[in-house]
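# Structural characterization, general
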Amino acid sequence: MRYSHGAPCSGDLHRSTDVKLFCGKEDRFLSIKERKRCFYEIDFETPYVCPKPSEASEELFIHSEL
C-alpha cells in the first residue's frame, strides 16, 4: 500500500509511506524505516493477508472419520 501527499515535511516535500503486508499469526510491526527524507517504509505482519485454505482442504482437517 502506498500513502502519499501527507503532512508537509521539509521544504516542498510531503511525507509518503509504503506499507508491505506479510502473513503472520498476529498484527505487529516488523520494521519501520525512513528510506530517504520524508519517505518511510513499514513492514507489517497480519493474519488478514494469509491465504485461506480451499474448502476441500478444510474438510480434511475438520473431519476425522474412521
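Presented here is a report on the structure given in the accompanying data block. Since the model is a prediction, treat every value here as computed from it, not as a measurement.

One pass over the full model with this rule turns up four salt bridges. A salt bridge links Glu 45 to Arg 28; the nearest nitrogen and oxygen atoms lie 2.7 Å apart. Of this pair, Glu 45 sits in strand 4 (residues 39-46) while Arg 28 sits in strand 3 (residues 28-36), placing them 17 residues apart in sequence. Of the residues examined, Glu 45 reaches a relative accessible area of 14% and is grouped as buried. Given a relative accessible area of 39%, Arg 28 falls into the partly exposed group. Ionic contacts of the salt-bridge type, sharing partners, join the residues Lys 20, Arg 35 and Glu 41 into one network.

Tracing the backbone through its elements, the reader meets Thr 46 in strand 4. Beyond its immediate stretch of four places on either side in the chain, Thr 46 contacts Phe 22, Cys 23, Gly 24, Glu 26 and Asp 27.

Let us look at unusual backbone geometry. The backbone of His 5 shows a phi angle near 60°, a positive value even though the residue is not glycine. Residue Cys 38 is not a glycine yet carries a positive backbone phi of 75°. Considering the arrangement of structural elements, one finds Cys 38 in the loop between strand 3 and strand 4.

Here is what the cut-offs are and how they apply
Residues numbered from 1 in each chain as written. Predicted model: local features only at pLDDT ≥ 70, side-chain atom pairs only at ≥ 80, totals over all residues. Heavy atoms only, no water. Salt bridge = Lys/Arg side-chain N within 4 Å of Asp/Glu carboxyl O. Helix = DSSP H or I, 4+ residues; strand = E, 2+ residues; numbered from the N terminus. Buried < 20%, exposed > 50% of the residue type's maximum accessible area, 1.4 Å probe, protein only. Contact = heavy atoms within 4.5 Å.

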